[in-house]
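What the coordinates show
The residues making up each chain are set out below.
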Amino acid sequence: MDLYSSYINRLIAELSVLPGIGNKTAQRLAFHMINMPKESVENIARAMVEARNNVKYCKCCYTLTDNEICPICANEARDHKTIMVIENTRDLNAYEKTGKYNGVYHVLHGAINPSMGIGPNEIRLKELISRLHDDVNEVIIATNSSIEGETTAMYISKLIKPTGVKVTRIASGVPVGGELEYIDEVTLSRALDARVEL
Ligand code: ZN
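Residues numbered from 1 in each chain as written. Predicted model: local features only at pLDDT ≥ 70, side-chain atom pairs only at ≥ 80, totals over all residues. Heavy atoms only, no water.

Time to look at the packing of helix H5 (residues 89–98) against helix H8 (residues 185–193). With their axes 9 Å apart at the nearest point, H5 and H8 run at an angle of 90° to one another. Here H8 runs roughly perpendicular to H5, going by the angle between their axes. Note on element contacts: H8 touches H5 through Glu185, Leu188, Ser189 and Leu192, opposite Ala94, Tyr95, Lys97 and Thr98. Residue classes in the contact of H5 with H8 are distributed as four nonpolar, two polar and two charged. (Axes fitted to C-alpha atoms, helices over the stretch in contact; angles between N-to-C directions. Helix = DSSP H or I, 4+ residues; strand = E, 2+ residues; numbered from the N terminus. Parallel < 35°, antiparallel > 145°, perpendicular 65-115°, else oblique. Contact = heavy atoms within 4.5 Å. Nonpolar A, V, L, I, M, F, W, Y, C, P; charged D, E, K, R; others polar.)

Here we take up H8. In an α-helix, one turn spans 3.6 residues; hence positions three or four apart end up facing the same way. When we look at burial in H8, the residues that qualify are Leu188, Ser189, Ala191 and Leu192. Within H8, the buried residues cover an arc of 160° as seen down the axis, which keeps them to one side. Of the exposed residues in H8, those oriented more than 90 degrees away from the buried face are Arg190 and Asp193. Contact partners of the buried residues in H8: strand E3 (79–86), H5 and strand E5 (138–141). (Buried < 20%, exposed > 50% of the residue type's maximum accessible area, 1.4 Å probe, protein only. Arc of directions from axis to C-beta.)

Here the focus is the coordination of the zinc ion. Octahedral metals with six donors have ideal donor angles of 90 or 180 degrees. Tetrahedral metals with four donors have an ideal donor angle of 109.5 degrees. Protein coordination of the zinc ion is provided by Cys58 (SG), Cys61 (SG), Cys70 (SG) and Cys73 (SG), with donor distances spanning 2.3 Å. Around the zinc ion, the four donor atoms sit at angles spanning 104 to 116°, and that spread fits a shape best called tetrahedral. All donors of the zinc ion belong to a single chain; written as a sequence motif, their spacing is C-x2-C-x8-C-x2-C. Note on Cys58: relative accessible area 0%, which makes it buried. Since its relative accessible area comes to 1%, Cys61 is described here as buried. (Donors = N, O, S within 2.8 Å, 3.2 Å for Na, K, Ca; no water. Tetrahedral: all angles 85-135°; square planar, octahedral: opposite > 155°, others 65-115°.)

Turning our eyes to something else, we now look at the packing of aromatic side chains. All told, the structure shown has one aromatic pair when counted by the stated rule. A cation sits over an aromatic face here: Arg124 above Tyr57, 4.9 Å from the ring centre. (Phe/Tyr/Trp six-rings, centres within 6.5 Å; stacked < 30°, edge-to-face > 60°. Lys NZ or Arg CZ within 6 Å of the ring centre and 35° of its normal.)

This paragraph deals with the environment of Gly110. Inspection of the secondary structure assignment puts Gly110 in the loop between strand E4 (103–107) and helix H6 (125–131). Judged by relative accessible area, which is 24%, Gly110 ranks as partly exposed. Through-space distance from the C-alpha of Gly110 to that of Ala51 is 20 Å; in sequence the pair is 59 residues apart. Not counting chain neighbours up to four residues away, the residues in contact with Gly110 comprise Glu87 and Ile123.

A separate point is the sheet that holds strand E7 (residues 196–197). The strand order E4-E3-E5-E6-E7 describes an open sheet built from five strands, whose pairing is mixed. Whereas interior strands pair on both sides, the edge strands pair on one side only; in this sheet they are E4 and E7. The sheet contact formed by E3 and E4 spans five bridges and is parallel. Following the sheet pairing, Ile86 is matched in E4 by Val107. Lying over the sheet, H5 contacts E3 and E4, oriented at roughly 160° with respect to E4. (Pairing = 2+ DSSP bridges.)

Okay, structure coming up:
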């Protein structure tokens, strides 16, 4: 027998699948939603469905975007010969906020992590290498300074070096284990300025 209502139980079960939401938080959210204006709940539901259905991967840099090609890749004023490699779209936003970077990006959607079964084929590495057929001057590796981020950086640098394209790594102004998206803009800009050639 359902303790509350079958609808509430189902809502709690669905909310619990989200990362960081345990059963208690799901219950709190579910009861909160029941008391919200119907229109607000409908807006949340619609935003979730529309985001899931309409967000795409940019065909060039693989960031998440509404278009086939994201606004950065489509911008002629950006330096398309400099590619910054990052782990996810949130990191791209962090670098864009600095306003100091005028190149383009490549979003890997993860980092190499053998213990989790994530190898080079599970992230967008092949796609990065195929972009090097175009005229590229520099690849800046800006993966996180976690073990996975460093492993990925070393792997990419070994892969790219034989092509003759310059490979750099952002400086260690980014704290060890630090996630890019939480680092302030000044530190990020400095890390970019002080990048070293690999
Ligand atoms: Zn793009």
